[in-house]
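Residue-level structure breakdown
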Amino acid sequence: MKYAYIEIANACNLNCSFCPYSQKTHSPSWMSVELFSKIIDDIKNHVEEIYLHVLGEPLLHPNLNIFLEIAKKAHLCVNITTNGTLIKKNHQLLLESTVVRQINFSVHALEEWNNQEKALSALNDMLLFAQEAAEKRPDLYINFRLWNIQKENSSHWNRLVSSQLESTFHCDLSSHDFSIRHKSFPLQNRIYLHFDTRFEWPDGKQEGLSTKGTCKALDSHIGILCDGRVVACCLDHNGNLELGKLPKQTLSSILSSPRAVAMKQGFKEKKLVEPFCQSCGFCKRFKV
């Protein structure tokens, strides 16, 4: 298995309309260092890399530096998806942590800020980080994500971001059109602009949907929520597809559970056996 998505915090400093965090009613949760350490010790021989994200903003966690050290000792590369608003505070930590392999900046999250000047200032902090990374950490992958393509009222913000990227990295993005097969454009070294359309987070409540489909869940990745629950999918922020809980159970026993086996077999046969999967629009992105 390639990835484990580990939710070290389900709290966020933004409240974006497209994110389920804006509808959450329970109190924010934070994964403890002890739990994270036990999870890493169990999964380190099962996965190649980890993402510090399911829901929430990972750069908010006060023990992020300790988490990175734990991952480094386990020889697990770390990928981080962030809204980027806290990059200035974590600038040196992330540059100096050689265990960090990739950082994804969700710059579409800034679009909803009422203060455009503040949003552009946050974007500038990300650009400064990327420029320094290109010099000091040329091995680090950085993606600037604009996941609001084909959303008509986003065109102004998208043009602003593109203009800033062109100016910073001395490139021309005007000839690049979004397509399903052509989403990433190189800006400099390992720095990219990644276009995509928004998707609806599945909730398992929709009915009457087709059972035909497939997914890479349980093949390329699993998710681990901040309380240790293991879920099949990196989009399952509520634990609808809960398979077990770490460290009460081992990951090996969880992945061999009847529910996990049935789901994985279903994906191989192009069948969505879980109602949650049947309500997932992301599944439709995979060819059947």
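Further up the page is the structure itself.
Given the structure is predicted, the values throughout are model-derived calculations rather than measurements.

**Considerations on the layout of surface pockets**
In this structure, the largest pocket encloses a volume near 1,500 Å³. As for the largest pocket, its lining consists of 49 residues, of which Y5, R145, W147, F199 and F282 are closest to the centre. When contributions to the lining of the largest pocket are tallied by element, the ones reaching two or more residues are strand 1 (3–6), strand 3 (77–82), strand 4 (100–106) and strand 5 (141–146). Tallying contributions element by element places strand 4 first for the lining of the largest pocket, with 3 residues. Taken together, the residues of the lining of the largest pocket sort by class into 24 nonpolar, 15 polar and 10 charged.

**Observations concerning the environment of N238**
Among the secondary structure elements, N238 is positioned in the loop between strand 9 (229–231) and strand 10 (242–245). A relative accessible area of 45% means that N238 is categorised as partly exposed.

**Observations regarding the packing of aromatic side chains**
Taken as a whole, this structure holds 8 aromatic pairs when the rule is applied. A centroid spacing of 4.3 Å and a plane angle of 25 degrees characterise the contact between F36 and F67, whose relative ring orientation is stacked. Taken together, the residues F36 in helix 1 (residues 33–43) and F67 in helix 2 (residues 64–73) connect sequence positions 31 residues apart. Judged by relative accessible area, F36 falls into the buried class, the value being 0%. Using a relative accessible area of 1% as the deciding quantity, one classes F67 as buried. One aromatic cluster is present, formed by F105, F129, F144 and F169 through successive ring pairs. Directly above the ring of W113 sits K118, whose terminal nitrogen or CZ lies 5.0 Å from the centroid.

Thresholds, definitions, all that
- Residues numbered from 1 in each chain as written.
- Predicted model: local features only at pLDDT ≥ 70, side-chain atom pairs only at ≥ 80, totals over all residues.
- Heavy atoms only, no water.
- 1 Å grid on protein atoms, 1.4 Å probe; cavity = no way out; pocket = protein on both sides within 12 Å on 5 of 7 lines; lining within 4 Å.
- Points joined across faces, edges and corners; volume = space filled by probe spheres on them.
- Helix = DSSP H or I, 4+ residues; strand = E, 2+ residues; numbered from the N terminus.
- Nonpolar A, V, L, I, M, F, W, Y, C, P; charged D, E, K, R; others polar.
- Buried < 20%, exposed > 50% of the residue type's maximum accessible area, 1.4 Å probe, protein only.
- Phe/Tyr/Trp six-rings, centres within 6.5 Å; stacked < 30°, edge-to-face > 60°.
- Lys NZ or Arg CZ within 6 Å of the ring centre and 35° of its normal.

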